[in-house]
Amino acid sequence: MTTAPVARTTTAPVPTQSTYQTRVADYWNAEENPVNLELGKIDDLYHHHYGIGEADWAVLDEPDSTLRRERVTAELHRLEHAQAELLASQLGPLAPADRVFDAGCGRGGGSVVANLRYGCHADGVTISAKQAEFANETARRRGIDDKVRYHHRNMLDTGFESGAYAASWNNESSMYVELDLLFAEHARVLRRGGRYVVVTGCYNDTYGRASREVSLINAHYICDIHPRSAYFRAMARNRLVPVHVQDLTEAAIPYWELRRQADHLVTGIEDTFLSAYRNGSFQYLMIAADRV
Ligand code: GPP
Ligand code: MG
């Protein structure tokens, strides 16, 4: 049999980072919202997630305007910190020799919280070189840089050692990536019996498709919010078995109510979050799962 010669096709080199990922990195390299920096300054713990729990509304009645701003800032930080502590509480028990992986670590607050709670080693990963550098500086200031390290890497392809991690998490960062790719990487780096935790905003399948508010949130952060169902499907396909699911939607509302009244901190997305939560199209969820 003879075959006709086939013209050689040249394939374009696969970029290490997609154009989308570059745009996301650009956003986070440039981001300097007072709502993140002013809160973080209070105790050098920089969070990139929202808050949970009842707010102390008395801060709004403070007559001195400078003091009022300070008290509102501190209260929002307290609520964000409560969210970080809730997530961290799901990771344990962990020992000081254990390693944890913080996927989409932002300016690093979550890894510090885990280290303070368990004394564990932490590796944070962010696609933003600026955030990684900032977070490493905070770890140096605290004197925990021997145990807490931040890396400018892709959370889908960390290069970390397989099976070396006792726990891992995404705190409001999973909406930037394909869940199957993300959970495959968590399952790879987690040891058998390791714990994975995600806190996320997801759209509500019972409402239907993504609402207008969900689309506005996507446009605001350049992300792509997944439906609730997608988390469970992708976990099931990637050796992650849910052990605890908590709907935090109600608990998230005081934070947004207080934040919308913080003129010195608002970013313009506050009312959209409140509408999305209240019209039932959007949920704030925590899922803890075991790696089997
Ligand atoms: C918080 O970060 C949120 C995200 C990065 C992604 C979107 C989250 C959803 C739950 C949809 P941030 O603290 O940097 O945001 P902000 O500047 O608004 O405080
Ligand atoms: Mg924030």
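No experiment lies behind these values; they were computed from the predicted model shown.

J.: Account for unusual backbone geometry, naming residues and giving values.
T.: Omega for the peptide link from glycine 92 to proline 93 comes to 0 degrees, which places this bond in the cis form. The phi angle at glutamate 172 is positive, at roughly 55 degrees, despite the residue not being glycine. Following the sequence through the fold, glutamate 172 ends up in the loop between β4 (165–171) and α6 (179–189). Overall, glutamate 172 belongs to the buried group, its relative accessible area being 11%. At isoleucine 222, a residue that is not glycine, the phi angle is positive and equals roughly 55 degrees. Note that isoleucine 222 resides in the loop between α7 (212–221) and α8 (228–237).

J.: How would you sum up the pairing of strand β7 (residues 282–291)? Please name residues and give values.
T.: Burial of β7 is extensive: nine of the ten residues sit out of reach of the surface. Note that strand β5 (residues 190–203) and β7 share nine bridges and pair antiparallel. Looking at β7, one finds that tyrosine 196 is bridged to alanine 289. Of the pairings in the sheet, the one linking strand β6 (residues 240–247) to β7 comprises seven bridges and is antiparallel in character. Residue pairing in the sheet places aspartate 247 in a bridge with leucine 285 of β7.

J.: Lay out the site of ligand 1 in plain terms, naming residues and giving numbers.
T.: In the vicinity of ligand 1 lie 16 residues, with Asn33, Asn36, His48, Tyr221 and Arg259 positioned nearest. Asparagine 36 places a polar side-chain atom, nitrogen or oxygen, 2.9 Å from an oxygen atom of ligand 1. In the model, an oxygen atom of ligand 1 is placed 2.8 Å from a nitrogen or oxygen of the arginine 259 side chain. In the complex, 99% of the free accessible area of ligand 1, which totals 510 Å², lies under the protein chains. When residues of the shell around ligand 1 are traced back to their parent elements, those giving at least two are α2 (34–41) and α7. Of the residues belonging to the shell around ligand 1, the class tally is nine nonpolar, five polar and two charged.

J.: Lay out the packing of α7 against helix α10 (residues 270–278) with the relevant residues and their values.
T.: The relative placement of two packed helices comes down to the angle between their axes together with the axis-to-axis distance. At a closest axis distance of 9 Å, the pairing of α7 and α10 adopts a crossing angle of 145 degrees. Handedness of the α7/α10 crossing: left-handed. Seen from α7, the contacting residues are Glu213, Leu216, Ile217 and Tyr221; seen from α10, they are Thr272, Phe273, Ser275 and Ala276. Partitioned by chemical class, the residues of the contact of α7 with α10 number five nonpolar, two polar and one charged.

J.: Describe the pattern of salt bridges, listing the residues and the values that go with them.
T.: Enumeration over the complete set of coordinates arrives at 16 salt bridges. Its salt-bridge partner being arginine 188, residue glutamate 185 comes within 2.9 Å of it at the nearest N-O pair. Residue glutamate 185 and its partner arginine 188 are both found in helix α6; the two are separated by three residues, about one turn of the helix. Of the residues examined, arginine 188 reaches a relative accessible area of 29% and is grouped as partly exposed.

Cut-offs and rules
- Sequence order sets the numbering: in each chain, residues are counted from 1 along the sequence as written.
- Chains carry letters and ligands carry numbers; both start at the beginning, A for chains and 1 for ligands, and go up in the order they are written.
- With the structure being a predicted model, the display of local features is reserved for residues of pLDDT at least 70 and the display and counting of side-chain atom pairs for 80 or more, all residues being used for whole-chain, interface and lining totals.
- Remark: hydrogens and water are excluded; side-chain values derive from all non-hydrogen atoms of the structure.
- Under the scheme used here, helices are H or I runs from DSSP no shorter than 4 residues and strands are E runs no shorter than 2 residues, and both carry numbers assigned from the N terminus.
- Note on exposure labels: buried denotes an accessible area under 20% of the residue type's maximum, exposed denotes more than 50%, and partly exposed covers the range between, all computed with a 1.4 Å probe on protein chains only.
- Strand pairing requires that DSSP identify at least two bridges connecting the strands.
- Nearness here has a simple test: a residue counts as near a molecule or strand if at least one of its heavy atoms is within 4 Å of that partner.
- Two N or O atoms count as a polar contact when they lie within 3.5 Å, although within protein this holds only if one can serve as hydrogen donor and the other as acceptor, and sequence-adjacent residues are included solely when both atoms are side-chain atoms.
- Accessibility throughout is a Shrake-Rupley quantity obtained with a 1.4 Å probe, and a residue counts as covered only by protein chains that appear here.
- Only Asp, Glu, Lys and Arg are considered charged in this grouping, and only Ala, Val, Leu, Ile, Met, Phe, Trp, Tyr, Cys and Pro are considered nonpolar; every other residue, Gly among them, is considered polar.
- Lines are fitted to the C-alpha atoms to define the axes, a helix being fitted only along its stretch in contact, and any angle between axes, read from their N-to-C directions, falls within 0 to 180 degrees.
- With the far helix as reference, a near helix turned anticlockwise by less than a right angle produces a left-handed crossing, and one turned clockwise produces a right-handed crossing.
- For this analysis, residues touch if any pair of their heavy atoms sits within 4.5 Å.
- For this analysis, a salt bridge means a side-chain nitrogen from Lys or Arg found within 4 Å of a carboxyl oxygen belonging to Asp or Glu.

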